[in-house]
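Residue-level structural notes
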Amino acid sequence: MANRQLTFNIFRYNPTNPKDKPHMQTYQLQETEGMTIFVALNMIREEQDPSLMFDFVCRAAICGSCGMLINGKPRLACRTLTKDLPPEITLLPLPVFKLIGDLSVDTGTWFRHISLKTEAWIHTDKEFDPRAQEERMDNKTAYDIYEAERCIECGCCIAGCLTANLRPEFLGAAGLNRVARFMVDPRDKRSAKDYFEVIGSDEGTFGCYGLMACEDNCPMELPLQQQLAFVRRKMAWAGLKR
Amino acid sequence: MSLVRTLGKNPRCDLYLDLAQMISGILLVGFLWTHMLFVAVILLGPATYDSFARFLDDYYLSYIGIPFIGLVALVHVITVCRRIPSRYQELWEHAKLVRHTDTWTWLFQLVTALGIVILVMIHVWSVLTGWPIEAVKSTERMTSFWWFYIALLLLGEYHAGFGLYRIFVKWGWIKRKTIGWVTKTITIIIVGLGLAALWAFLQLGGAV
């Protein structure tokens, strides 16, 4: 498949420039062996257009910076091989998030907001003793927490989500997955009732339409359906119990 | 959150609405499948069909069932309406921008819902004005309006099948793939049964 001539249709818009209008720009590129969208974008920027804006840091699906719509699907640029795509590739920035320019969006503000809203840290009244031995945790609990923590906050689940696109206040899969992580953590002393106050509404767990674009688009393949369902069941029970 | 929403809102309101949507949905799916089984009694012959309809009539099951299901349908319509955005183009734009199968099936569920509301009203009106249910009258309706009933069957089964699938997906009781497979299989069986019943009516009417 290599050595194809690839055509990239890339969204261009600089919101800080009042004269600029959103438009699509076309670039031609020779495909190389093992080429990813990340490699292609760097080649375009180096060889054809230094003004092209896009985000990347790690190029290894760890930092979650390079999420974008690749032929309509929210994907990580560093993880998407051009050989899996047709020769014509359309790149758009992730919806929902604030556009910085071209393919670059600000996911940080959004994720900081959900961290603060759900108070995504351990709530305990225990005094921390740095000299004491660490408390033990059984293997399954540790695994469940780790599974949720694998989220790299790339924003693909939010961009693909119909509810998140329609309702800006919706926490989305990333937010609810974060809550699930603290729900299973025995060190967190928050009760189900405490969580219900924050996420027991359409802004939280009951806002989900069940379309599962989050799970289908998650580059880390997190079990988001199970995570969302876990939170929903727990919150429904907490709400009914009073 | 605004002051009005904070003051005026029962904190469990969204939970209750979500549960009402789910329970009414499950009841309607249950009703639809039972309804199709009842209609398929025609395959056992018009005499059995008539005596079965009379049985439901004699024990007031029809008089309890029909208003009850009407009420359930009303609850379902009211609770699902909150899922529809005020601007339709937002839905359409999102579905076009982000390519995703389940998003399209949901969008089509919305379309089928609108179709069902209209067709069901016509169907209920025509049955109730021709009360009681008898094989002769049903045959007459089916032979004249077979295209209407094929449309209603397909729209209803599509909406019910995917609706049930989505409930199970949301609550996570069964694996997503498994429940998708199960609802599709049941839907195909019920559609088959409906078409078989229609064929039986058409034969009775001498159209085949």
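Computed from a prediction, not measured in an experiment: that's the story for all the values here.

**A closer look at the side chain of T79 of chain B**
Looking at the secondary structure, you find T79 of chain B in helix 4 (residues 61-81). Those residues within four positions of T79 of chain B in sequence are excluded, and the remaining contacts are L17, A20, Q21 and S24 of chain B.

**Side note on the sheet that holds strand 3 (residues 67-70) of chain A**
All names here are of chain A. The strand order across the open sheet formed by five strands is 2-1-5-3-4, and the pairing between neighbours is mixed. Here the strands that pair on one side only, and so sit at the sheet edges, are strand 2 (23-30) and strand 4 (73-76). When strand polarity is set aside, the average angle formed by the axes of neighbouring strands in this sheet is 35°. Strand direction decides the pairing type here: strand 1 (residues 5-12) and strand 2, joined by eight bridges, are antiparallel. What sits directly across from L6, in strand 2, is L29.

**Focus: helix 6 (residues 172-184) of chain A**
All names here are of chain A. Spanning 13 residues, helix 6 covers 19 Å between terminal C-alpha atoms, matching the ideal 18 Å at 1.5 Å per step. Within helix 6, 12 of the 13 residues are buried, which leaves the element mostly enclosed by the surrounding structure. Where helix 6 is buried, its residues meet helix 2 (107-117), helix 3 (139-149), helix 4 (156-160), helix 7 (192-199), helix 8 (213-217) and helix 9 (224-241).

**Here we look at the interface of chain B and chain A**
Contacts between the two partners involve 31 residues from chain B and, on the opposite side, 38 residues from chain A. Across the chain B/chain A interface, buried area totals approximately 3100 Å², and carbon plus sulfur atoms make up 55% of it. When residues of chain B are sorted by the area they lose upon contact with chain A, R83, K170 and R176 of chain B head the list and together hold 18% of the total. Where chain B touches chain A, the interface holds four salt bridges. Notably, a salt bridge pairs R176 of chain B with E215 of chain A, separated by 2.8 Å at the nearest N-O pair.

**Considering a nonpolar patch on the surface**
All names here are of chain B. There is a patch of nonpolar side chains on the surface, built from V77, V117, I118, M121 and I122 and spanning about 420 Å² of accessible area. It is helix 6 (residues 101-129) that provides the largest number of residues to the nonpolar patch, a total of four residues. By the secondary structure assignment, V77 is in helix 4.

**Let's talk about the pattern of salt bridges**
Opposite charge on two side chains permits pairing when their charged atoms draw close. Residues and elements named next belong to chain A. Tallied over the full model, the rule gives 22 salt bridges over all chains. Measuring nitrogen to oxygen at the nearest pair gives 2.7 Å for the salt bridge that ties D144 to K140. Highlighted residues: D144 and K140, both in helix 3, separated by four residues, approximately one helical turn. By relative accessible area, which is 27% here, D144 ends up partly exposed.

**Regarding the side chain of H94 of chain B**
Position of H94 of chain B among the secondary structure elements: in helix 5 (residues 88-97). For H94 of chain B, a relative accessible area of 5% translates into the label buried. If we ignore the near neighbours within four places in the chain, the residues touching H94 of chain B are A159, G160, C161, L162 and N165 of chain A together with T103 of chain B.

**What to know about the packing of helix 3 of chain A against helix 6 of chain A**
Residues and elements named next belong to chain A. Helix 6 packs onto helix 3 with a crossing angle of 165° between their chain directions and a minimal axis gap of 9 Å. What the angle tells us is that helix 3 and helix 6 run roughly antiparallel. Between helix 3 and helix 6 lies a crossing whose hand is left-handed. Residues T141, D144, I145, A148 and E149 of helix 3 form the contact with helix 6, whose own contacting residues are N177, R181 and V184. Among the residues forming the contact of helix 3 with helix 6, the class breakdown is three nonpolar, two polar and three charged.

**Some words on the packing of helix 2 (residues 13-39) of chain B against helix 8 (residues 146-171) of chain B**
Residue and element names in this part refer to chain B. Put simply, helix 2 and helix 8 touch, their axes get as near as 10 Å, and they point 135° apart. Classified by the angle between their axes, helix 2 and helix 8 sit oblique to one another. Classified by chirality, the crossing of helix 8 by helix 2 is left-handed. Taken together, the residues of helix 8 that come into contact with helix 2 (itself represented by D18, L19, Q21, M22, I26, V29, L32, W33 and M36) are L153, G156, E157, A160, L164, I167, K170 and W171.

**A word on the domain arrangement of chain A**
All names here are of chain A. Assigned domains within chain A: domain 1 (5-105) and domain 2 (118-241). Summarising the inter-unit geometry, the C-alpha centres of domain 1 and domain 2 are found 30 Å apart. Counting from both sides, the interface comprises 13 residues of domain 1 and, opposite them, 14 residues of domain 2. The contact between domain 1 and domain 2 buries some 1000 Å² in all, and 65% of this surface belongs to carbon and sulfur atoms. Where domain 1 touches domain 2, the interface holds zero salt bridges. At the surface where domain 1 touches domain 2, the tally comes to two residue pairs in polar contact (both at pLDDT 80 or more).

**Details of the nonpolar core**
Formed by 58 residues in total, the largest nonpolar core has its most connected members in I199 and M235 of chain A. Of all the secondary structure elements, the ones that give two or more residues to this core are helix 2, helix 4, helix 6, helix 7 and helix 9 of chain A together with helix 2, helix 8 and helix 9 (176-204) of chain B. No other element matches the eight residues that helix 8 of chain B contributes to this core. Each of two domains, domain 1 (5-105) and domain 2 (118-241) of chain A, supplies a minimum of three residues to this core. Discounting residues that sit within four places of it in the chain, I199 of chain A has contacts with L171, L176, V179, M183, G204, T205, V231 and M235 of chain A. Formed by 27 residues, the second largest nonpolar core is a distinct cluster that contains L29, L41, I152 and C154 of chain A.

Thresholds, definitions, all that
- Residues numbered from 1 in each chain as written.
- Chains lettered and ligands numbered in written order.
- Predicted model: local features only at pLDDT ≥ 70, side-chain atom pairs only at ≥ 80, totals over all residues.
- Heavy atoms only, no water.
- Helix = DSSP H or I, 4+ residues; strand = E, 2+ residues; numbered from the N terminus.
- Contact = heavy atoms within 4.5 Å.
- Pairing = 2+ DSSP bridges.
- Axes fitted to C-alpha atoms, helices over the stretch in contact; angles between N-to-C directions.
- Expected span 1.5 Å × (residues − 1).
- Buried < 20%, exposed > 50% of the residue type's maximum accessible area, 1.4 Å probe, protein only.
- Buried area = accessible area lost by both parts, 1.4 Å probe.
- Salt bridge = Lys/Arg side-chain N within 4 Å of Asp/Glu carboxyl O.
- Patch = residues over 30% accessible without salt bridge, like charges linked within 9 Å, V, L, I, M, F, W, Y side chains within 5 Å.
- Areas by Shrake-Rupley, 256 points an atom, 1.4 Å probe, with all protein chains shown as cover.
- Parallel < 35°, antiparallel > 145°, perpendicular 65-115°, else oblique.
- Left-handed = near helix turned anticlockwise from the far one by under 90°.
- Nonpolar A, V, L, I, M, F, W, Y, C, P; charged D, E, K, R; others polar.
- Domains from an automatic or database assignment.
- Polar contact = N/O pair within 3.5 Å; in protein donor to acceptor, adjacent residues only side chain to side chain.
- Core = buried A, V, L, I, M, F, W, Y, C linked by side-chain atoms within 4.5 Å.

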